[in-house]
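What follows is the residue order along each chain.
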Amino acid sequence: MATIDRQTPTLALAHALAAAGRGLPVFPLSATKLPALRSPHRGEQPPPHCRGECGLPGHGVHDATTDPAAVRALFAAAPRATGYGIACGRAPHRLIGIDLDVDPTYGSDAAGALRQLALQHLFTIPPTVTVLTPSGGRHLWLTGPADATVPNTAGRLAPGIDIRGSGGYLVGPGSVTAHGRYRLAPGTAHLTPAPCPRALLRLLAPPPARTPGTGRGSSSGSGSGTASGPAAGAPATVARRGEGLVQFVLAAHEGQRNTRLFWAACRAYEHGFGDALADALTAAAVRTGLPEHEARAAIASAARLTSGRGGETDGAA
């Protein structure tokens, strides 16, 4: 675990300015990997769907900028920031983050799953910027073309693999969190983010829209609309995207149930499907022994915390 001292905010600003100088839009993060500036709309009911149009800071990834003066102003307003986020999907790099987790609760090796996908779909991951995370995972930085919008997903590509795309963010190298420091992998500091292979880009593209009541997208028919997994009751696309989060909650032991549920709910709301996954997360938490009213309260807190960010993330990466 990294030491957070009085020099940490100064170093975080220095790293953020260096990243901004390379064309990467940045904004300050707290030690929890969440945006360090509180929303100016907190307490408003219902919270407005504001992405910074009000002109005030505190809109998470939507505050991200490459302007050095603006970066300094953001960090001056967040004197306790210990790190910085890098907005994905934004010009000029249009960054795509491949977050390879090592959490044993996923029951599989995320890096191995990515290698298997590469073999199946005939692509290779080129040498690129790689950031080592405190948990032992890694973030691969790739770039996308101007004509492609990559959504944020959690576990859709494979268990343990999260994707940070348009509206999401990555924790920048040099950042310090409550769990440790993010750092560049040896031998990658001199690299620039490599173009995302076309075959992988196709896998990351949003799933095609489904027409209710017809063909594969229908929820009617002889039993085909009955969900049986942990995310039962959620729309099919949400069930797939939220399966990893539900499993994460189900793996909680006594003493970590609230924390895991809150973390998973934050990720779901940041990805834009928190309300749709709320019942599945509640059911999972209740199965671990958490009272339903406590589970609902934790999810409601996550919804309030992430409001004002446009329903998009990912401080988790």
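Residues numbered from 1 in each chain as written. Predicted model: local features only at pLDDT ≥ 70, side-chain atom pairs only at ≥ 80, totals over all residues. Heavy atoms only, no water.

### Quick word on the confidence of the model for the chain
Thought 1: Overall, the prediction assigns the chain a mean pLDDT of 83, with 82% of residues at 70 or greater.
Thought 2: Scored below 50 in pLDDT, residues 211-230 makes 13 contacts in the model with residues more than four places away or belonging to other chains.
Thought 3: Long-range and interchain partners of residues 308-316, a stretch whose pLDDT sits below 50, account for 43 contacts in this model, where long-range means more than four residues apart. (pLDDT = per-residue confidence, 0-100. Contact = heavy atoms within 4.5 Å.)

### Section: helix H2 (residues 68-77)
Thought 1: Every buried residue of H2 is listed here: Val71, Leu74 and Phe75. Relative to the axis of H2, the buried residues are bounded by an arc of 95° and lie together on one face. Residues of H2 that are exposed and point over 90 degrees away from its buried face: Ala69 and Ala76.
Thought 2: Turning to H2, the residues buried within the fold contact helix H1 (8-21), strand E1 (26-29) and strand E2 (83-87). (Buried < 20%, exposed > 50% of the residue type's maximum accessible area, 1.4 Å probe, protein only. Helix = DSSP H or I, 4+ residues; strand = E, 2+ residues; numbered from the N terminus. Arc of directions from axis to C-beta.)

### Looking at the nonpolar core
Burial of nonpolar side chains together is a common tendency in soluble globular proteins.
Thought 1: Grouped together as the largest cluster of nonpolar side chains are 31 residues, with contacts concentrated most on Val26, Val71, Phe75 and Trp141.
Thought 2: Within the residue set of this core, elements represented by two or more residues are H1, E1, H2, E2 and strand E8 (169-171).
Thought 3: Sort the elements by how many residues they give to this core and H1 lands first, with six residues.
Thought 4: In this structure Phe75 touches Ala12, Leu13, Ala16, Phe27, Pro28, Ala81, Gly83 and Tyr84, once residues within four positions along its chain are discounted. (Core = buried A, V, L, I, M, F, W, Y, C linked by side-chain atoms within 4.5 Å.)

### Looking at the sheet that holds E1
Thought 1: Pairing within the open sheet is antiparallel, and its three strands lie in the order E1-E2-E8. Each of the sheet's edge strands pairs with one partner strand only, and the pair in question is E1 and E8. Geometrically, the sheet is characterised by an average inter-axis angle of 35° between neighbouring strands, direction not taken into account.
Thought 2: Bridge analysis of E2 against E8 gives three bridges, and the strand direction is antiparallel. (Pairing = 2+ DSSP bridges. Axes fitted to C-alpha atoms, helices over the stretch in contact; angles between N-to-C directions.)

### Re the pattern of salt bridges
Thought 1: Taken as a whole and assessed by the stated rule, the structure comprises five salt bridges.
Thought 2: Here Glu270 makes a salt bridge to Arg267, at a shortest N to O gap of 2.9 Å. Taken together, the positions of Glu270 and Arg267, both in helix H6 (residues 257-270) and three residues apart, correspond to about one turn of that helix. When sorted by exposure, Glu270 lands in the same class as Arg267, which is buried.
Thought 3: Among the salt bridges present, the one from Glu292 reaches Arg296, with a minimum N-O distance of 3.6 Å. Taken as a pair, Glu292 and Arg296 lie in helix H8 (residues 292-306) at a separation of four residues, close to a single helical turn.
Thought 4: You can call Arg296 partly exposed: its relative accessible area is 35%.
Thought 5: Overlapping salt bridges, with partners in common, bring together Asp279, Glu292 and Arg296 in one network. (Salt bridge = Lys/Arg side-chain N within 4 Å of Asp/Glu carboxyl O.)

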